[in-house]
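# Structure assessment
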Amino acid sequence: MRPSHAGDNLSNTKPQSARTMETSINQQTPQPVTPRDAGATILLRNPAAPELFWVKRSLALSFMGGWHAFPGGQRSPEDSLVPVANCNDPAEAAMRVCAIREAFEETGLLIARGVERLGRDRLSFLREQLACERIDFAEMLAGDELSIDASMLTEAPRWVTPASSPKRFNTFFFVAWVPPCLDGDQDAIVIPGELESGEWLSPKEAIERWKRGEVLIAPPVLRPIEEMVSGVDGFASRLQASLDAEGDSHFRLEFRYGFVTCAVRAPTLAPATHTNCYLIGGDEFVIIDPGSPYEEEQGKLDRVIAEMLAEGRRAREILITHLHPDHIGGVNHLARKFALPVAAHRLTAEQIAPEIRVDRYIEDNDLIELRGGSGSSDLVWRLRALWSPGHARGHLSFYEERTGSLMTGDCIVGIGTVVIAPPEGNLADYMASLRRYLT
């Protein structure tokens, strides 16, 4: 299986001509971005007490800045020029070279035959030569009689970024035990730049840090680590079997513990095609912005919620950030199906009535506490409601105080430009809301 790893709309008070224009725009479905091939390596050491090596990406990066990941990057045309033993498929061989090269460039750890004859100083020198482009990877290997052997890598499940993302990767994951060099263990050194830092740690420690809200881990990295907690040997095969059994449940993405994201196709404005629906909490959770009016998308979200309920969790209510159709399109369906109350700002409630009944008003600075998770009854998610007008008069954002996570609705969007359209939109209010985020 290859599992796959939002937008705004104008006010629903627009005149008919604006509605017609909006419909025309939304019918022009953007074509998904073609994924770029990339390779990543899950580097392991110390079989007696296994540790993995991960890196923290620089906050300056446009893609996943500040997140923890495995070393990796995009395939280079030159990767196909490196001979690979024990691999007869040229395309697969090139991806193994890509993963090994990227790991060496980013960490200084080299997965190759013959590395045991080289000292740490020599490996450091070769890495510097490669970084300065004085030699390419094939020349570096040949010059020191090193070779790439596919048998040193175990293939793990491949991940493809979902079609809703503006930047997509078809990432080949491989697992490798780091071989010793002449001096003993190879040095893992991250040179600040695209990466901020790197470290060795046990899979269990990595998951515990994630659950405490100390690190951000994307699902393609999180899932292998979760599987490794129960044992490194054979984890890639166990993970593949688990993913195959799940089918399309990769629609449910948990980027931070207790923060499930479901990107649902919605009638938003191009270039966006989807709106993020968030399910936040532990033993009890809330649902923010189920925005899709489409039956197929609603069915996907229904299945995710049903799975969470089957885990013994309780859905408390639906929260609406603002009135636009791509954020409220699935509210009535979800409220009826799971008998859930709906909460929103008073201004939003007034404008969406009688289409949607709001059972509770949320005021600025209201606190929503959600308890329990992973066997810890004292774990609490604290969602602070922030009235953030500008895009819409009744716009709400939600700040989770324990982890420092902010759900911005359409005050900040991941794709496209925030629309400020009077009478709902007000630029002065919008700028004030952004300044409030900073405080």
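Before any of the text, the structure's been laid out above.
All of these numbers come straight from a predicted model, not from anything done at the bench.

### Brief notes about the environment of Leu309
- Looking at the element boundaries, Leu309 is found in helix α8 (residues 295–310).
- Placed 25 residues apart in sequence, Leu309 and Glu284 show a C-alpha to C-alpha distance of 9.3 Å.
- Residues contacting Leu309, with those up to four places away along its chain left out, are Phe285, Arg314, Ala315 and Phe338.

### Re the side chain of Glu400
- Mapped onto the elements, Glu400 comes out in strand β19 (residues 396–400).
- Of the polar contacts made by the side chain of Glu400, one reaches the backbone nitrogen of Arg382; its length is 2.7 Å.
- Aside from chain neighbours lying at most four places away, what touches Glu400 is Phe259, Val380, Trp381, Arg382, Leu383 and Ser405.

### Considerations on empty space enclosed by the protein
- Taken as a whole, the largest cavity encloses approximately 40 Å³ of empty space.
- Surrounding the largest cavity, Val264, Pro290, Ser292, Glu297, Gln298, Leu301, Asp302, Gly330, His333 and Leu334 form its lining.
- Looking at the lining of the largest cavity, the elements that each hand over two or more residues are α8 and α10 (331–338).
- When residues of the lining of the largest cavity are assigned to their parent elements, the largest contribution, four residues, is made by α8.
- Split into classes, the residues belonging to the lining of the largest cavity amount to four nonpolar, four polar and two charged.

### Looking at the layout of surface pockets
- Its boundaries defined by the atoms lining it, the second largest pocket holds a volume of some 630 Å³.
- Those elements that place two or more of their residues in the lining of the second largest pocket are α2 (90–107), α3 (120–131) and α4 (137–143).
- Looking at the lining of the second largest pocket residue by residue, the class counts come to eleven nonpolar, two polar and ten charged.

### Describing unusual backbone geometry
- The omega angle of the peptide bond from Ala270 to Pro271 is 10 degrees, so this bond is cis rather than trans.
- As for its position among the elements, Pro271 is in the loop between β11 (259–265) and β12 (274–281).
- Backbone torsion omega between Ala353 and Pro354 reads 0 degrees, so that peptide bond is classified as cis.
- Residue position: Pro354 is located in the loop between α11 (346–352) and β16 (360–361).
- Here the phi dihedral of Met64 falls at roughly 60 degrees; this positive angle occurs in a residue that is not glycine.
- Along the polypeptide, Met64 turns up in the loop between β2 (51–57) and β3 (68–69).
- Met64 gets classed as partly exposed once you look at its relative accessible area, which sits at 23%.
- Even without a glycine there, the phi angle at Ala339 is positive, about 55 degrees.

### Remarks on the packing of aromatic side chains
- With the rule as written, the count across this model stands at six aromatic pairs.
- The lysine or arginine in question, Arg265, covers the ring of Tyr294, its NZ or CZ lying 4.2 Å from the ring centre.
- Its guanidinium or amino end placed over the ring of Phe338, Lys337 lies 5.9 Å from that ring's centre, counting from NZ or CZ.

### Considering the pattern of salt bridges
- Applying the stated criterion to the full structure yields 31 salt bridges.
- Between Lys56 and Glu196 there is a salt bridge; the shortest N-O distance is 3.5 Å. Of the two residues, Lys56 sits in strand β2 while Glu196 sits in strand β9 (residues 195–201), which places them 140 residues apart along the sequence.
- Its relative accessible area of 23% is what places Lys56 among the partly exposed residues.
- One salt bridge connects Glu284 with Arg314, and the closest N-O pair in it is separated by 2.7 Å. Residue Glu284 is located in strand β13 (residues 284–288), and its partner Arg314 is located in strand β14 (residues 314–319); the two are separated by 30 residues in the primary sequence.
- Relative accessible area serves as the criterion here: at 13%, Glu284 is assigned to the buried category.
- Salt bridges sharing partners connect three or more residues here, namely Glu369, Arg371, Arg382, Arg384 and Glu401.

### A closer look at helix α5 (residues 203–211)
- When we look at burial in α5, the residues that qualify are Pro203, Ala206, Ile207, Arg209 and Trp210. Buried residues in α5, looked at end-on, bunch into an arc of 160 degrees, giving them a common side.
- Its buried side turned inward, α5 meets β2, β9, α6 (219–229) and β10 (253–256).
- With its phi angle positive at about 80 degrees, Gly213 sits one or two positions after the end of α5.

### Regarding the packing of α5 against α6
- Running from N to C, α5 and α6 cross one another at 125 degrees; their axes reach a closest spacing of 8 Å. Taken together, the axis directions place α5 and α6 in an arrangement best described as oblique. The chirality of how α5 crosses α6 is left-handed. Here Pro203, Lys204, Ala206, Ile207 and Trp210 of α5 come into contact with α6, specifically with Leu222, Ile225, Glu226, Met228 and Val229.

### What to know about the nonpolar core
- Ranked by size, the top nonpolar core spans 43 residues in total, and within it Ile225 and Phe398 carry the most contacts.
- Each residue touching Phe398, except ones within four places of it in the same chain, is listed here: Ile288, Leu319, Thr321, Ile362, Ile368, Leu383, Arg384, Ala385, Ser405, Leu406 and Met407.

Conventions we followed
- Residues numbered from 1 in each chain as written.
- Predicted model: local features only at pLDDT ≥ 70, side-chain atom pairs only at ≥ 80, totals over all residues.
- Heavy atoms only, no water.
- Helix = DSSP H or I, 4+ residues; strand = E, 2+ residues; numbered from the N terminus.
- Contact = heavy atoms within 4.5 Å.
- Polar contact = N/O pair within 3.5 Å; in protein donor to acceptor, adjacent residues only side chain to side chain.
- 1 Å grid on protein atoms, 1.4 Å probe; cavity = no way out; pocket = protein on both sides within 12 Å on 5 of 7 lines; lining within 4 Å.
- Points joined across faces, edges and corners; volume = space filled by probe spheres on them.
- Nonpolar A, V, L, I, M, F, W, Y, C, P; charged D, E, K, R; others polar.
- Buried < 20%, exposed > 50% of the residue type's maximum accessible area, 1.4 Å probe, protein only.
- Phe/Tyr/Trp six-rings, centres within 6.5 Å; stacked < 30°, edge-to-face > 60°.
- Lys NZ or Arg CZ within 6 Å of the ring centre and 35° of its normal.
- Salt bridge = Lys/Arg side-chain N within 4 Å of Asp/Glu carboxyl O.
- Arc of directions from axis to C-beta.
- Axes fitted to C-alpha atoms, helices over the stretch in contact; angles between N-to-C directions.
- Parallel < 35°, antiparallel > 145°, perpendicular 65-115°, else oblique.
- Left-handed = near helix turned anticlockwise from the far one by under 90°.
- Core = buried A, V, L, I, M, F, W, Y, C linked by side-chain atoms within 4.5 Å.

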